[in-house]
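The chain contents come next:
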Amino acid sequence: MNIVFMGTPEFAVPSLDMLMAEGYHVVGVVTQPDKPQGRKKVLTPTPVKAAAERHGLPVFQPVKLRDPEAVARLAEWKPDLIVTAAFGQILPKAVLDMPVRGCVNVHGSLLPKYRGGAPIQRSIINGESVTGVTLMYMAEGLDTGDMISRVEVPITDEDTSGTMFAKLSEAGSKLLQAEMPRLIAGETTAVPQNDDEASYARNLTREDEKMDWTRTSRELFNQIRGLVPFSGAFTMWDEQVFKVWAAANPDQVTNEASSVSNAGQAEPGTVLQLNKSGIEIKTGNGSLWLTEVQPAGKKVMQAADFARGGTLKPGVVLR
């Protein structure tokens, strides 16, 4: 059967690699257009495009898949099954109706929770202890299609979005591998989602990266982990962006803010102390130790190394 694969980021690569390793007839790959990256704005292919070229597969990169010309181009491949994983565009009805075996999606959450474009980041930011992957048939709504199978994956306190992307991409590849024979044969059983249990994981914005020091230490810790390694969280110091890339788990820190005189009366965001443990900041319910930071115009560094520079002083309030 002719299989078309659609995906864009690294999350999708293991699924494509699996289809090729298992000998399925992938006739083409659809991915997002190349984008400029880095300070020099070098035009860079998507990870899926790089993987497709490695496998010698033809690649199609439409700006908008819903354009009639793009639909016609896709139809030339005569797909019997379309497999998507983090493609990044909503498939129009003309594409959904094209393959006889339908369109399936490897989605990085336990649907119907966290429908949308940032399910992995949102699950960590929201403090979930477990997430997973759902293999689903695609429908016209946003991640609303019937579910074929799911697998759970725990989230530990050591996990970031980066580590969970890797874990879930591998879990998704294995889930797809297990279901492919039934998908090809048209023998899958699918269960409708309960819309009453649905939640949405909208794409992250700059506002999601801004730290609000009135929140609890745990909430801020989760926020940082959910934004690594992509954007990092940030606060403002001396009217400049001060990025935070890592913090100590507040549930495991023994030297709390109470060790600092009058810490309980300090305003949230106040720098309490700087030492070999990092930088301790007052939060809404205690304190948070920053362990990896990036001052404006500087590289990422250990907070303890930055503390030795003496430019940030106790009593300063981060906003």
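Look above for the structure.
Treat the numbers as computed from the prediction; the structure is a model and nothing was measured.

**Some words on the side chain of Thr235**
Argument step 1. Topologically, Thr235 is positioned in strand E10 (residues 233-237).
Argument step 2. Classification of Thr235 by relative accessible area gives buried; the value is 0%.
Argument step 3. For Thr235, the side chain forms a polar contact with the side chain of Trp213, separated by 3.0 Å.
Argument step 4. In this structure, Thr235 is in contact with Trp213, Gln240, Val241, Phe242, Leu318 and Arg319, ignoring residues within four places of it in sequence.

**Focus on the environment of Tyr24**
Argument step 1. Position of Tyr24 relative to the elements: it lies in the loop between helix H1 (13-21) and strand E2 (26-30).
Argument step 2. Considered as a pair, Tyr24 and Met180 are 156 residues apart in the sequence and their alpha carbons are 9.2 Å apart.
Argument step 3. Residues contacting Tyr24, with those up to four places away along its chain left out, are Ile3, Leu19, Met180, Pro181 and Ile184.

**A word on the layout of surface pockets**
Argument step 1. Size it by volume and the largest pocket reaches roughly 1,300 Å³.
Argument step 2. If you go around the largest pocket, you meet 48 residues; those closest to its centre are Pro9, Ala86, Phe87, Gly88 and Gly117.
Argument step 3. Only strand E3 (35-37), strand E7 (103-107), helix H5 (119-125), helix H6 (161-185) and helix H8 (217-227) provide two or more residues apiece to the lining of the largest pocket.
Argument step 4. Ranked by residues supplied to the lining of the largest pocket, first place goes to H6 with four residues.
Argument step 5. A class-by-class count of the residues in the lining of the largest pocket yields 23 nonpolar, 21 polar and four charged.
Argument step 6. Reported here for the second largest pocket is a volume of approximately 180 Å³.
Argument step 7. Along its surface, the second largest pocket is lined by 14 residues, and Arg122, Ile125, Arg202, Asp208 and Arg215 are the ones closest to its centre.
Argument step 8. Secondary structure elements with two or more residues in the lining of the second largest pocket: H5 and helix H7 (206-209).

Basis of the calculations
- Residues numbered from 1 in each chain as written.
- Predicted model: local features only at pLDDT ≥ 70, side-chain atom pairs only at ≥ 80, totals over all residues.
- Heavy atoms only, no water.
- Helix = DSSP H or I, 4+ residues; strand = E, 2+ residues; numbered from the N terminus.
- Buried < 20%, exposed > 50% of the residue type's maximum accessible area, 1.4 Å probe, protein only.
- Polar contact = N/O pair within 3.5 Å; in protein donor to acceptor, adjacent residues only side chain to side chain.
- Contact = heavy atoms within 4.5 Å.
- 1 Å grid on protein atoms, 1.4 Å probe; cavity = no way out; pocket = protein on both sides within 12 Å on 5 of 7 lines; lining within 4 Å.
- Points joined across faces, edges and corners; volume = space filled by probe spheres on them.
- Nonpolar A, V, L, I, M, F, W, Y, C, P; charged D, E, K, R; others polar.

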